[in-house]
Amino acid sequence: MFRNASEPVLAIFPLLMAIVLMLVTGEPWLLIMGVVSVCSFGTRLIGFIATVFVTLLFALAHFPPAHLTTKGDFFPSLQTALFGGAALVIFTMIRYAMLLPTKADDRMRFAAAIVDNMPTMGWSLNSKGEYTYTNQAVQDYVTGNKRRTDLDDWKNAIPLVHPEDVEQTFGRLVECLASGEDFVTDCRIQRHDGSYRWFHAVARAARGAKGDITGWYGTSVDIHEQKLVEQALRESERELRQLVDAIPALIWCATPEGEPSYANKQVTAFAGIVIGDLEVPNKTRLREALELTVHPDDRVRVSDAMMRSFSTGTSFAEIYRLRRHDGVFRWVDSRLAALRDDTGKITRWYGALIDIDESKQAEEALRASERQLQLLVDTVPVMVWCASPSGVPTYTNRRLSDYTGIRVGDFNQAGLELSQPIDLLVHPDDRERFRRALAESFASGKPFTLRYRLKRHDGPYRWTDSRSEPLSDGDGRLLQWYTVITDIEDETRMQEELRSAHEQLASASKAASLSELTASIAHEVNQPLASIVASSQACEHWLKADPPNTKRAMANVGRIVRDANLAADTIRRIRALFQANSEARTSVSIKELVLEVCRLMEDELAANAIQLRTGLDSGLPSVMGHRVQLQQVLVNLIRNGIDAMKQVPPEKRVLEIGSRYDAGNRISVEVRDQGSGMEDPYMIFEAFYSTKRNGKGIGLAICRSIIEAHDGEIRAEKGENGGAVFTFTLPINNPVQGGSGDTSTAGLQ
């Protein structure tokens, strides 16, 4: 195989010329030049064949065929053999000479071996940009080592470059071919399997003696993995930047000298400044940033601490107020730490600021609340002390400290145990009882209450009431004991004095009760006795008449007997109220009872010019009760109505008494007057409460006692048109439907 298409022509042409010269001159020895030519360009086999061929031509040209067949003539054969041997010797010598390498050839072969075996793709261009050489790495990458490809022009390499990289790659190559600048670019080149890989291409121009470009020599280094790493690194850096920007904190970094070099978006959004905006003549970025953002009251402290950290390499941690973009200062927690290399040298400073304004305000509010609570605990009119779960005192409020003259710190400094303050403060007679109750409570976790005498700072023991409660967590573990002590010395003395007063009052009450009982009896008996006196005087008057009116006198005697019996019944009834046993109840008709009382009171009604109107239901059943007691209730209610209307004009003095069947199998009796009314309908039935100037407040109280003793109810109401309405209800034996009413009018004008 020839190195190129021109080599066979160069090898055959000298041989043909030698044959032509031989024919022209007739000198066969000129064929030896063809042997030299063929041996110079052919391989060993071709040279040997050419030598044999030329030798045959020599024999044919130098000797006619007749000479070759002449017997005994060895000269032609000898000449032919001599020619062939000479040709063979020449061929051998030329081949040997060709195999002897020169220094230039060695360098060329050494350089070619280096270029072909480089782990990168090597290539060269002429001054026009045409490929003159590509090493084996190019062939292996492009063809997969299956065939050799020739890239005559750089434009033939365009299909091998990734479409996205064609413009910048070959655009730069054209610029470099024109300017002679070094060609440097990164691009993706297609491999024989169709995939693309990143390469870093570098080419430099070779210049002649005159400085003109004679060619270009370049390499393309596979940087695909590096590119992937760079892309991953950029992606990681992008994600990290996004993460840093998204962190709810102000992140910034500085050079080893402390100059700010980066700040995340949170810093810009919060402070409204950019690192690049901090370039001020005669000021560092850090100093400008501190003056713009830090509160004037905190600036010196923060600046000194930060400069000290930069100079010593120690971490920085401060809480101060930072100016927001709207001019509002907010509290931040600022931290700054150094990043060091393997030698311990600081390579960068990283800082973080966290907005703690809300927590700071909450802390201030909590501190104020604690102060308020402390003030409250110290000023409440009780003594407070706290203890650990084991019973060791941990806190006493100011009132307890002032009371006893001892503070918790005094115990802690002296190393005293709980038993020692007990010995110092609790009365000897109460000490063991107090110790036992406290120990049982601490052991069981149950609260305790105890009264004992506590020593005051000025010496005397005073009675106190102590209450202790435990505080536990959600799991039931005891966390703290809280105890409240109240000075009850004055209360105890008051109780003693009150007890003595009660004893004296009890003695006085006995006398008062006897007096009130006497007043009650006098009140109840007064009316019958007054009637007896009036009837006696009338009887005496009728007997002294001339002639004596015995008929009227006998009528008054009957009234005297009746009133005397009523007085006796009243006394007997009052005695029954204070005895365990009582009289037997009888069946009483309400209608008859009302009419009977009205007859008894007709004289008094007439004397006071009061009209009596009754509305009594005739079909009402009887009730079980004490007839005299029920008469007394009606008499009291009628008499109260008479007294209430004494100041009313005579034409308006009307007293109404009605009865009706009420719901719940009860009979209701109502007494209505047109008097001045009452202020408090609820207090009027209380004992000793009276709306009259000379009233004793006994009558209505007795009425309520009588009605309630009959399982009934009594109430008082203000009338719609003035006056008062008294209503009492009594249970009946046999439920019936209400009958027709009976209305009558009685009165004296």
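On a predicted model such as this, the values are computed, not experimentally measured, just so you know.

1. Description of helix α7 (residues 136-143)
So, step 1. Every buried residue belonging to α7 is among A137, V138, Q139, Y141 and T143, and all of these are buried.
So, step 2. At the C-terminal side of α7, G144 shows a positive phi close to 75°.

2. Details of the pattern of salt bridges
So, step 1. One pass over the structure, following the stated rule, counts 40 salt bridges.
So, step 2. Here R435 and D423 are joined by a salt bridge, their closest N and O atoms 2.2 Å apart. With R435 in helix α17 (residues 428-444) and D423 in helix α16 (residues 419-425), this pair connects stretches of sequence that are 12 residues apart.
So, step 3. Note on D423: relative accessible area 36%, which makes it partly exposed.
So, step 4. Of the charged contacts, one joins K646 and D643 as a salt bridge, the two residues approaching to 3.4 Å between their closest N and O atoms.
So, step 5. The exposure class assigned to D643 is partly exposed, which follows from its relative accessible area of 27%.
So, step 6. By sharing partners, the salt bridges in this structure join D298, R301, E318 and R321 into a single network.

3. A word on the sheet that holds strand β15 (residues 478-487)
So, step 1. Strand order in this open sheet of five strands is β12-β11-β15-β14-β13, and the pairing throughout is antiparallel. Each edge of the open sheet is held by one strand with a lone partner, namely β12 (393-396) and β13 (448-455). The mean inter-strand angle of the sheet, taken between neighbouring strand axes irrespective of direction, is 25°.
So, step 2. Looking at chain direction, strand β11 (residues 383-387) and β12 are connected through three bridges and run antiparallel. Along β12, the bridge assignment pairs C386 with Y395.

4. Considering the packing of aromatic side chains
So, step 1. Taken as a whole and judged by the stated rule, the model has five aromatic pairs.
So, step 2. Aromatic pair F310 and W349: ring centres 5.1 Å apart, planes at 80°, arrangement edge-to-face. Of this pair, F310 sits in helix α12 (residues 296-312) while W349 sits in strand β10 (residues 346-355); the two residues are 39 residues apart in sequence, bridging distant segments of the chain.
So, step 3. By relative accessible area, F310 is classed as buried at 11%.
So, step 4. A cation sits over an aromatic face here: K227 above W198, 4.7 Å from the ring centre.

5. Here we look at the environment of V725
So, step 1. Mapping V725 onto the fold places it in strand β22 (residues 724-731).
So, step 2. Judged by its relative accessible area of 3%, V725 falls in the buried class.
So, step 3. Here V725 is in contact with E670, V671, R672, R715, A716, E717 and G719, once residues within four sequence places are set aside.

6. A short note on a nonpolar patch on the surface
So, step 1. A surface patch of nonpolar side chains, about 450 Å² in accessible area, is lined by F48, I49, V52, L56 and L88.
So, step 2. Mapped onto the secondary structure, F48 falls in helix α3 (residues 44-62).
So, step 3. On the basis of relative accessible area, F48 is assigned to the partly exposed category, the value being 45%.

7. Observations regarding the confidence of the model for the protein chain
So, step 1. Across the protein chain, the average pLDDT comes to 78, with 76% of residues at 70 or higher.
So, step 2. Segment residues 509-513: pLDDT under 50, and zero contacts once partners within four positions in sequence are set aside and those in other chains are kept.
So, step 3. Between residues 736-749, whose pLDDT stays under 50, and residues either more than four places distant or in other chains, the model counts 37 contacts.

8. Digging into the side chain of S441
So, step 1. With respect to the helices and strands, S441 occurs in helix α17.
So, step 2. When near neighbours in sequence (up to four residues on either side) are disregarded, S441 contacts K446, P447, F448 and W481.

9. Regarding the nonpolar core
A general feature of soluble globular proteins is that nonpolar side chains tend to end up buried together.
So, step 1. Counting residues in hydrophobic clusters, the biggest one holds 42 residues, and the most contacted among them are L605, V623, L634, I638, L655, F726 and F728.
So, step 2. Taken together, the elements giving at least two residues each to this core come down to α20 (590-607), β17 (611-617), α21 (627-644), β19 (654-662), β20 (666-672), α22 (699-709), β21 (713-718) and β22.
So, step 3. With sequence-adjacent residues up to four places away left out, V623 is seen in contact with T586, S587, V588, I590, L630, I667, L730, P731, I732 and N733.
So, step 4. Formed by 24 residues, the second largest nonpolar core is a distinct cluster that contains W252, A263, I275 and F310.

10. Examining the pairing of strand β7 (residues 260-263)
So, step 1. Relative to β7, strand β6 (residues 250-254) is paired through three bridges, and the arrangement is antiparallel. Bridging across to β7, A254 finds its partner in P260.
So, step 2. Hairpin remark: β6 followed by β7, antiparallel, with five residues in the connecting loop; positive phi at G258, about 100°.

11. Focus: the pairing of β10
So, step 1. When β6 meets β10, the two strands line up antiparallel, connected through five bridges. Bridged to L250 within β10 is L353.
So, step 2. Strand direction decides the pairing type here: strand β9 (residues 329-340) and β10, joined by nine bridges, are antiparallel. The residue bridging V332 from the neighbouring strand is D355, located in β10.

12. Section: the environment of H427
So, step 1. Inspection of the secondary structure puts H427 in the loop between α16 and α17.
So, step 2. With a relative accessible area of 15%, H427 lands in the buried category.
So, step 3. Between the C-alpha atoms of H427 and Y461, which are 34 residues apart in sequence, the distance is 6.7 Å.
So, step 4. In contact with H427, other than residues within four places in its own chain, are R453 and Y461.

13. Brief notes about the sheet that holds strand β4 (residues 196-207)
So, step 1. Reading across the sheet, the five strands line up as β2-β1-β5-β4-β3 and stay open at both edges, with antiparallel pairing between neighbours. Taken across any chain shown, the strands that pair with only one partner, and hence form the sheet edges, are β2 (131-134) and β3 (183-190). For this sheet, the mean inter-axis angle between neighbouring strands, taken without regard to orientation, is 25°.
So, step 2. Where α7 meets the sheet, its contacts fall on β1 (121-126), β2, β3 and β4, and the angle it forms with β1 comes to roughly 105°.
So, step 3. Running over the sheet, helix α8 (residues 163-179) touches β3, β4 and β5 (213-222) and is turned about 145° from β3.

14. Section: the packing of α20 against α21
So, step 1. Across the interface, α20 lies against α21 with an axial gap of 10 Å and an inter-helix angle of 40°. Between α20 and α21, the angle is such that the two are oblique. Considering only the axes of α20 and α21, their crossing is right-handed. Within the contact between the two elements, α20 uses E592, L593, V594, E596, V597, M601, E604 and L605 and α21 uses R627, L630, Q631, L634, V635, I638, R639 and I642.
So, step 2. Within the contact of α20 with α21, the residues separate by chemical class into 10 nonpolar, one polar and five charged.

15. Things to note about the environment of S466
So, step 1. Assignment of secondary structure puts S466 in strand β14 (residues 461-472).
So, step 2. Once the C-alpha coordinates of S466 and T449 are considered, the two residues, 17 residues apart in sequence, prove to be 5.7 Å apart.
So, step 3. Discounting residues that sit within four places of it in the chain, S466 has contacts with F448, T449, L450, Y452, T483, V484 and I485.

Quick notes on the rules
- Residues numbered from 1 in each chain as written.
- Predicted model: local features only at pLDDT ≥ 70, side-chain atom pairs only at ≥ 80, totals over all residues.
- Heavy atoms only, no water.
- Buried < 20%, exposed > 50% of the residue type's maximum accessible area, 1.4 Å probe, protein only.
- Helix = DSSP H or I, 4+ residues; strand = E, 2+ residues; numbered from the N terminus.
- Salt bridge = Lys/Arg side-chain N within 4 Å of Asp/Glu carboxyl O.
- Pairing = 2+ DSSP bridges.
- Axes fitted to C-alpha atoms, helices over the stretch in contact; angles between N-to-C directions.
- Phe/Tyr/Trp six-rings, centres within 6.5 Å; stacked < 30°, edge-to-face > 60°.
- Lys NZ or Arg CZ within 6 Å of the ring centre and 35° of its normal.
- Contact = heavy atoms within 4.5 Å.
- Patch = residues over 30% accessible without salt bridge, like charges linked within 9 Å, V, L, I, M, F, W, Y side chains within 5 Å.
- Areas by Shrake-Rupley, 256 points an atom, 1.4 Å probe, with all protein chains shown as cover.
- pLDDT = per-residue confidence, 0-100.
- Core = buried A, V, L, I, M, F, W, Y, C linked by side-chain atoms within 4.5 Å.
- Parallel < 35°, antiparallel > 145°, perpendicular 65-115°, else oblique.
- Left-handed = near helix turned anticlockwise from the far one by under 90°.
- Nonpolar A, V, L, I, M, F, W, Y, C, P; charged D, E, K, R; others polar.

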